[in-house]
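# Secondary and tertiary structure notes
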Amino acid sequence: MTVDSSAARKPRRSAAGKAGTTGSKTGTTGTKSGATGTRRTARAAAQQGTEPQLVQLLTPEGERVENAEYDAYVAGITPEDLRGLYRDMVLTRRFDAEATALQRQGELGLWASLLGQEAAQIGSGRALRDDDYVFPTYREHGVAWCRGVDPTNLLGMFRGVNNGGWDPNGNNFHLYTIVIGSQTLHATGYAMGVAKDGADSAVIAYFGDGASSQGDVAESFTFSAVYNAPVVFFCQNNQWAISEPTEKQSRVPLYQRAQGFGFPGVRVDGNDVLACLAVTKWALERARSGEGPTLVEAYTYRMGAHTTSDDPTRYRGDEERLAWEAKDPILRLRRYLEASNHADEGFFAELEAESEALGKRVREAVRAMPDPDHFAIFENVYADGHALVDEERAQFAAYQASFADASEGGR
């Protein structure tokens, strides 16, 4: 599907012409309206020694951490906004769990779970403006939620009945990309076009720690830096590229790779929705103001399998998963909401009911979808016929027929 450069075409502002914008990282601390929970300094949080050096605004215990560089980007957040972020994460997790269950029941061919990565996706997704453009992988279900893509539209591809199910130009959210890392090149090219069009918008590309080793990603870094493209590279480092740990992907923290290409990188606590929101807002402002690309490494964890065809118990231990469960992004924000008196039991009860309703809607929508056409894959390989494809089609037809024969023989 062709993607139009359909973002709003307002003249781009130069970096020099944006005096007073938040993209300048002036170190303003901002005001924390309504935040009555416990606050600590970033230095005190780092002294725990259990976390890598990274941007964090909410500790795993739900305590608010001051950060002179990034507080300004969440200074105007209201209790209602916080409840909205919590709702986004809860409903995204419920949808994801429902999709996993549907795959186990044979309704989907495959599913890539985002369990544990809700804060990274919702925080970054809510930082975007409507005219920004998103290039996802195949796991950005939370970002799709933020862009207004109906969750049921995500499932057709995994059932094998369509190639995406939504119009990318309708939500400025591209179709899922299965090829690892190629979407970073698509995002860079699109961002270069945005710059040439003079649009005041930004582009964001999502990818994982494993994709950071792909040549496509390195090439996108090179082009975006040379052409000063308004693009944010958002790497969700969930620690495992299927069964390969991050330490076998890179000898330095992933965000430091940006230095070699001439643009900034930052590591953020990927289980902290406020920090992900703030850092992504900063990076997007840089892009819009003509300051070029940024690499954001969201340091998080994939709590489940890589996909439903994977068995993570073969390559990682329970103690690692249990340690990350203590940093759960949803529980973290709930603790802050409760400590700050920003949400009561009525809110959580209503959200639970909404979650149940969403699960029911997803189940009904998937079961109402047609069964995939087993032979459609052979029809779109070549424009004209091909002897090898004809042979493979015949072999597959015989294989499918064998199931019917076996069933009849058992009667």
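Note that the coordinates shown come from a computational prediction; the quantities given were computed from them, not determined experimentally. (Residues numbered from 1 in each chain as written. Predicted model: local features only at pLDDT ≥ 70, side-chain atom pairs only at ≥ 80, totals over all residues. Heavy atoms only, no water.)

All right, on to the side chain of Thr-137 then. Within the secondary structure layout, Thr-137 lies in the loop between β3 (133–135) and α4 (141–146). Side-chain polar atoms of Thr-137 contact the backbone nitrogen of Arg-139, separated by 3.2 Å. Side chain to side chain, Thr-137 and Glu-140 meet in a polar contact 2.4 Å long. (Helix = DSSP H or I, 4+ residues; strand = E, 2+ residues; numbered from the N terminus. Polar contact = N/O pair within 3.5 Å; in protein donor to acceptor, adjacent residues only side chain to side chain.)

Turning our eyes to something else, we now look at the packing of aromatic side chains. Enumeration over the complete set of coordinates arrives at 29 aromatic pairs. Ring centres of Tyr-86 and Phe-347 lie 6.1 Å apart, and the angle between their planes is 50°; on these two criteria the pair is classed as tilted. One end of the pair, Tyr-86, is in helix α2 (residues 79–104); the other, Phe-347, is in helix α12 (residues 345–368), and 261 residues separate them in sequence. Each member of the pair, Tyr-86 as well as Phe-347, is classed as buried. Its guanidinium or amino end placed over the ring of Trp-324, Lys-327 lies 4.1 Å from that ring's centre, counting from NZ or CZ. (Phe/Tyr/Trp six-rings, centres within 6.5 Å; stacked < 30°, edge-to-face > 60°. Buried < 20%, exposed > 50% of the residue type's maximum accessible area, 1.4 Å probe, protein only. Lys NZ or Arg CZ within 6 Å of the ring centre and 35° of its normal.)

Turning our attention to the sheet that holds strand β8 (residues 265–269). Judged by pairing direction, the sheet is parallel, and its five strands sit side by side in the order β3-β4-β5-β9-β8 without closing on themselves. With partners counted over all chains shown, the strands left at the sheet margins are β3 and β8, one partner each. Here the strands of the sheet are splayed against their neighbours by 20° on average, with no regard to which way each runs. Note: β3 against strand β4 (residues 203–208), three bridges, orientation parallel. When the bridges of β4 are listed, Phe-135 appears paired with Ala-205. Here helix α7 (residues 182–197) sits on the sheet and contacts β3, β4 and β5 (231–237); the angle it forms with β4, its principal contact strand, is near 170°. Relative to the sheet, helix α8 (residues 215–226) contacts β4, β5 and β9 (294–299), its axis offset from that of β5 by approximately 150°. (Pairing = 2+ DSSP bridges. Axes fitted to C-alpha atoms, helices over the stretch in contact; angles between N-to-C directions. Contact = heavy atoms within 4.5 Å.)

We now examine the environment of Pro-293. The residue Pro-293 is located in the loop between α9 (273–288) and β9 in this model. What Pro-293 contacts, discounting residues up to four positions off in sequence, is Ser-224, Ala-225, Asn-228, Ala-229, Val-231, Phe-233, Phe-263, Pro-264 and Arg-286.

Before going further, it helps to examine the nonpolar core. Counting residues in each nonpolar core, the largest one holds 70 residues, and the members touching the most others are Tyr-86, Leu-155 and Leu-333. The element contributing the most residues to this core is α9, with 11 residues. Counting residues in hydrophobic clusters, the runner-up holds 22 residues, among them Ala-191, Met-192, Ala-199 and Phe-221. (Core = buried A, V, L, I, M, F, W, Y, C linked by side-chain atoms within 4.5 Å.)

Before going further, it helps to examine the pattern of salt bridges. Tallying each qualifying case throughout the model produces 26 salt bridges. Arg-129 is the salt-bridge partner of Asp-131, the closest N and O atoms lying 3.1 Å from each other. Given a relative accessible area of 13%, Asp-131 falls into the buried group. On the accessibility criterion, Arg-129 (25% relative accessible area) is partly exposed. Here Glu-364 makes a salt bridge to Lys-360, at a shortest N to O gap of 2.5 Å. Taken as a pair, Glu-364 and Lys-360 lie in helix α12 at a separation of four residues, close to a single helical turn. Residue Glu-364 is classed as partly exposed on the basis of its relative accessible area of 45%. (Salt bridge = Lys/Arg side-chain N within 4 Å of Asp/Glu carboxyl O.)

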